[in-house]
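As a plain string of letters, each chain reads:
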Amino acid sequence: MAFDLKAALLLTFGQTMQMVISSLLAAIIIGGSIGLLLFLTSNTLFLKNRAINQIVGVIINITRSIPFLILLVLMIPVSKAIVHTSIGPNAVVIPLAVAAIAFFGRLSEASFSDVDNGVLEAAIASGASKLSIVLKILLPEALPSLIKNITVTAVSLIGFSAMAGTVGGGGIGDLAIRYGYQRYEPEVMFICVIVLVLLVQIFQIIGDSSAKKLDKTSK
Amino acid sequence: MIEFKHVSVNFKQHKQIFEAVNDAHFKIEKGEIFGIAGSSGAGKSTLLRTINLLQTVSSGEILVDGENITNYRRNQLRILRRNIGMIFQHFNLARNLTVYQNIAFVLKAAGKSKSETETRVNELLKLVNLSDKANSYPANLSGGEKQRVAIARALANDAKILLCDEPTSALDLETTSSILSLLKDLNKKFGITIVIITHELDVIKSICNRCAVMNKGSVIEIGDVYDIFTKPRVDFTRQLLSHTNHFSLPEEIISKMQGPIIRLTFKGDNANNPILSYAANTFQIGFNILLGKIEYINGLPLGILYVELIGEVDTIKLAIEYLAANTADLEVINHGL
Ligand SMILES: Nc1ncnc2c1ncn2[C@@H]1O[C@H](COP(=O)(O)OP(=O)(O)OP(=O)(O)O)[C@@H](O)[C@H]1O
Ligand SMILES: [Mg+2]
């Protein structure tokens, strides 16, 4: 073989993990907060506010309706401004994070909305403050569903990160395209795909088992 | 204790105004168990939820302990709510929290320290007889146990008032009666004022002192439970009662009988007197008892008896006069042949 496959795999795997983990963290923190905001502004028990809810909702929808490939290109100037480069894993983290934030924002809103309103109402009736209800009732009640949705987001991010290779983002997807497609070395592509499949499986297993552990709703 | 002053609640629906509660104006006394009955959609829950302002009122005032709470907001409202517990048909326990954590939450939210919380939760669990379930999750409890946890949570901050929205509607008969007797005990022991909504009139009969009947947003009847059950003033109440008090003679039986058939109602004191045997002896007539029962409403007996009278026409007339004078109510169902 003309190049050191093992070294290339290690390098690109590291790049993929870097892209996925950092954009996933952004999605959880920022997207989760947006999801919470969407929920709180839609619920009369908390801070119902149609205006804020609709404005934020529309922004999320617009972001989500832009195809990822186009978002990648659109974000080049933003990446340049923030991370001072428009190439490499650092640069594509920005569009990945933006897509993931919008994606997880909606999903986490759904997780919060699925919490039984009666449970929240009982907490309001007990005289607890809204902040303590959010932290100690809403979050634990939504947590298993949030974790499932974090898993879904992570798996989509693995797919998106492979696409990011096309604008020079690096990562395993990039390796697969460059060697497998452009230089026609199908075994490299095959190995890359296996690595991606395994990575998705691992995320899925960790996500499912921790969601199950935290979910006490069945016997 | 709780006073409604011309309270109305309106909802806007498709630009139309819908009056869910219409001019409620009455008082619930300290220490009583007060029932609210009425058909579905009558506005019972809406009225109940105005007491802790889960539902804001459109007009009128609500006084709790003489204080107008209608415009309470923020801190004031949260303190009020700590003193008013509430339980629900579907218990509404946080499902990912243990029994202990569910109760501890409302104590910590009220600013109690960790050790105060621990002592109080254990005390409450003992009170509702669930000390061994502290670390269970709601999914592993029976319906009755869940409702007892909800009661413990509602009373955690020493509530003086307990609001109950259909608290036994999701429970079987046996569990219902155990929850009701727990509520009765709490009322006796701590003097807690209990307001209970139910569509099961048996619940009202067994624990309430007074009750209100609602229909289409209005309180149409209010008074002592015994009075309302024995002599309802409004047709709607009579209808409501007939659904549960299904107690009448089948037509075939009535038409088959030879003698006159009367329906006697015994109340309170005279329910236990031997009026029938006295009438039988004095007027020399016979009684053929067709159907009868005695039930207890708020601890007082109410008896209903269908009898066929056998004897001479004249003496039967006298007997009917005597019985009419000595029972709560006498209705001639059929004059006989
Ligand atoms: N938030 C709301 N917005 C609009 N309409 C409402 C709202 N809450 C209640 N209503 C309406 O008000 C009426 C009374 O409702 P409420 O829940 O008080 O009835 P209820 O007597 O408790 O009935 P049930 O026995 O079925 O619980 C119903 O017609 C209901 O549809
Ligand atoms: Mg109701």
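Residues numbered from 1 in each chain as written. Chains lettered and ligands numbered in written order. Predicted model: local features only at pLDDT ≥ 70, side-chain atom pairs only at ≥ 80, totals over all residues. Heavy atoms only, no water.

Novice: Even after reading the chapter, I still don't get the site of ligand 1, so can you show me in this structure?
Specialist: Residue and element names in this part refer to chain B. As a structural note, the neighbourhood of ligand 1 is formed by 13 residues, with S40, G41, K44, S45 and T46 the closest of them. Between a nitrogen atom of ligand 1 and a side-chain N or O atom of Q13, the distance comes to 3.5 Å. When ligand 1 is considered free in solution it has 640 Å² of accessible area, and contact with the protein chains removes 61% of it. At 3 residues, helix α1 (residues 44-50) tops the list of elements feeding residues into the shell around ligand 1. (Near = heavy atom within 4 Å. Polar contact = N/O pair within 3.5 Å; in protein donor to acceptor, adjacent residues only side chain to side chain. Areas by Shrake-Rupley, 256 points an atom, 1.4 Å probe, with all protein chains shown as cover. Helix = DSSP H or I, 4+ residues; strand = E, 2+ residues; numbered from the N terminus.)

Novice: Help me out: how do you make sense of the nonpolar core in this one?
Specialist: General note: in soluble globular proteins, nonpolar side chains tend to be found buried as a group. All names here are of chain B. Core analysis: the largest hydrophobic core is formed by 140 residues, its most contacted members being F4, I103, L183 and I196. Residues contacting L183, with those up to four places away along its chain left out, are I151, L162, C164, I194, I196 and I207. If you look at the next biggest cluster of nonpolar residues, it comprises 17 residues, including L276, F283, V307 and L309. (Core = buried A, V, L, I, M, F, W, Y, C linked by side-chain atoms within 4.5 Å. Buried < 20%, exposed > 50% of the residue type's maximum accessible area, 1.4 Å probe, protein only. Contact = heavy atoms within 4.5 Å.)

Novice: Is there a simple way to explain the environment of A:V134 in this structure?
Specialist: All names here are of chain A. You can see V134 is positioned in helix α7 (residues 130-164). Once the C-alpha coordinates of V134 and A123 are considered, the two residues, 11 residues apart in sequence, prove to be 9.9 Å apart. Those residues within four positions of V134 in sequence are excluded, and the remaining contacts are L36, L40, F46 and L139.

Novice: Got a minute to help me understand the sheet that holds strand β12 (residues 286-297) of chain B in this structure?
Specialist: Residue and element names in this part refer to chain B. With respect to topology, 4 strands assemble into an open sheet ordered β12-β13-β11-β14, the strand pairing being antiparallel. Of all the strands in the sheet, just β12 and β14 (329-334) have a single pairing partner and so form its edges. Across the sheet, the mean angle separating the axes of adjacent strands is 15° when strand polarity is ignored. Here 11 bridges tie β12 to strand β13 (residues 300-310), and the two strands are oriented antiparallel to one another. Looking across to β13, one finds that L291 is bridged to Y306. (Pairing = 2+ DSSP bridges. Axes fitted to C-alpha atoms, helices over the stretch in contact; angles between N-to-C directions.)

Novice: What is the right way to read the pattern of salt bridges from this model?
Specialist: Side-chain pairs of opposite charge can arise whenever the charged atoms involved come near each other. Residue and element names in this part refer to chain A. Within the structure shown, the criterion is met by 12 salt bridges over all chains. A salt bridge links R178 to D174, with the shortest nitrogen-to-oxygen separation between them at 3.3 Å. Of the two residues, R178 and D174 both sit in helix α8 (residues 172-182), 4 residues apart, roughly one turn of that helix. Overall, the relative accessible area of 12% leaves D174 in the buried class. (Salt bridge = Lys/Arg side-chain N within 4 Å of Asp/Glu carboxyl O.)

Novice: What's the story with the interface of chain A and chain B in this structure? I'm lost.
Specialist: Taken together, the contacts link 25 residues of chain A with 23 residues of chain B. Between chain A and chain B, a total of about 2100 Å² is buried, with carbon and sulfur atoms accounting for 59% of that surface. Looking only at chain A, the three residues that lose the most surface to chain B are A:A125, A:E141 and A:K216, adding up to 26% of its buried area. Our count for the contact surface shared by chain A and chain B stands at 1 salt bridge. Summed over the shared surface of chain A and chain B, the number is 6 residue pairs in polar contact (both at pLDDT 80 or more). For the side of chain A that touches chain B, the secondary-structure elements that each account for two or more residues are α6 (117-125) and α7 of chain A. In terms of residue class, the side of chain A that touches chain B is made up of 11 nonpolar, 7 polar and 7 charged. (Buried area = accessible area lost by both parts, 1.4 Å probe. Nonpolar A, V, L, I, M, F, W, Y, C, P; charged D, E, K, R; others polar.)

Novice: Teacher, can you tell me more about the state of the cysteines here?
Specialist: The bond known as a disulfide is covalent and runs between the sulfur atoms of two cysteines. Residues and elements named next belong to chain B. Enumeration over the complete set of coordinates arrives at 0 disulfides over all chains. Unpaired in terms of disulfides, C208 finds its nearest cysteine sulfur in C211, a separation of 6.7 Å. For C208, a relative accessible area of 0% gives the class buried. (Disulfide = S-S within 2.5 Å.)

Novice: When you look at the packing of helix α1 (residues 5-40) of chain A against helix α9 (residues 186-214) of chain A in this model, what are you seeing that I'm missing?
Specialist: All names here are of chain A. The N-to-C vectors of α1 and α9 enclose an angle of 35°; their axes lie 12 Å apart at closest approach. Where α1 crosses over α9, the handedness of that crossing is right-handed. Seen from α1, the contacting residues are L5, L9, F13, T16, M17, V20, I21 and L24; seen from α9, they are V188, I191, C192, V195, L199 and F203. Taken together, the residues that form the contact of α1 with α9 break down as 13 nonpolar, 1 polar and no charged. (Left-handed = near helix turned anticlockwise from the far one by under 90°.)

Novice: Whenever I open this one, the sheet that holds strand β9 (residues 210-215) of chain B confuses me. Can you help?
Specialist: Backbone hydrogen bonds are what pair the strands of a sheet, in a parallel or an antiparallel way. Residues and elements named next belong to chain B. Spatially, 6 strands are ordered β6-β7-β8-β3-β9-β10 in an open sheet, and the strand pairing comes out mixed. Edge positions in the sheet fall to β6 (84-88) and β10 (218-224), since each has one partner strand and no second. With direction set aside, neighbouring strand axes in the sheet form an average angle of 15°. Direction of pairing for strand β3 (residues 33-38) relative to β9: parallel, over a ladder of 5 bridges. Directly across from F34, in β9, lies its bridge partner R210. Most of the contacts of helix α5 (residues 143-155) go to β6, to which it runs at about 165°, and overall it touches β6 and β7 (161-165).

Novice: Looking at this structure, how should I read unusual backbone geometry?
Specialist: With the exception of glycine, the majority of residues adopt a negative phi angle, and the majority of peptide bonds are in the trans configuration. Residue and element names in this part refer to chain B. Even without being a glycine, L53 presents a positive backbone phi close to 60°. With respect to the secondary-structure elements, L53 resides in the loop between α1 and β4 (59-64). With relative accessibility at 6%, the residue L53 sits in the buried group. In this structure, D65 is a non-glycine residue whose phi angle is positive, near 55°. Tracing the backbone shows D65 in the loop between β4 and β5 (67-68).

Novice: Honestly, the UniProt feature "transmembrane region" (unreviewed entry) in chain A in this entry has me stumped. Any pointers?
Specialist: All names here are of chain A. In the UniProt entry, the feature "transmembrane region" (unreviewed entry) is given for residues 20-40, 52-75, 87-107, 119-138, 150-176 and 188-206. Taken end to end, residues 52-75 comprises 88% helix and 0% strand; its first and last C-alpha atoms sit 25 Å apart. Secondary structure content for residues 188-206 is 100% helix and 0% strand, and the end C-alpha separation is 27 Å. (UniProt positions renumbered as here; feature names shortened; annotations may be inferred.)

Novice: Just checking my understanding: could you explain the packing of aromatic side chains for this structure?
Specialist: Note on aromatic pairs: each is described by the distance of the centres and the angle between the planes. Enumeration according to the criterion identifies 7 aromatic pairs over all chains in this entry. Between the aromatic rings of A:F68 and A:F160, the centroid separation amounts to 4.5 Å while the plane-to-plane angle is 10°, which identifies the pairing as stacked. With a gap of 92 residues between them, A:F68 in helix α3 (residues 68-74) and A:F160 in helix α7 connect regions that are remote in the sequence. Judged by relative accessible area, which is 7%, A:F68 ranks as buried. When the ring of B:F283 is compared with that of B:Y322, the centres are 5.8 Å apart and the planes differ by 50°; the resulting orientation is tilted. (Phe/Tyr/Trp six-rings, centres within 6.5 Å; stacked < 30°, edge-to-face > 60°.)

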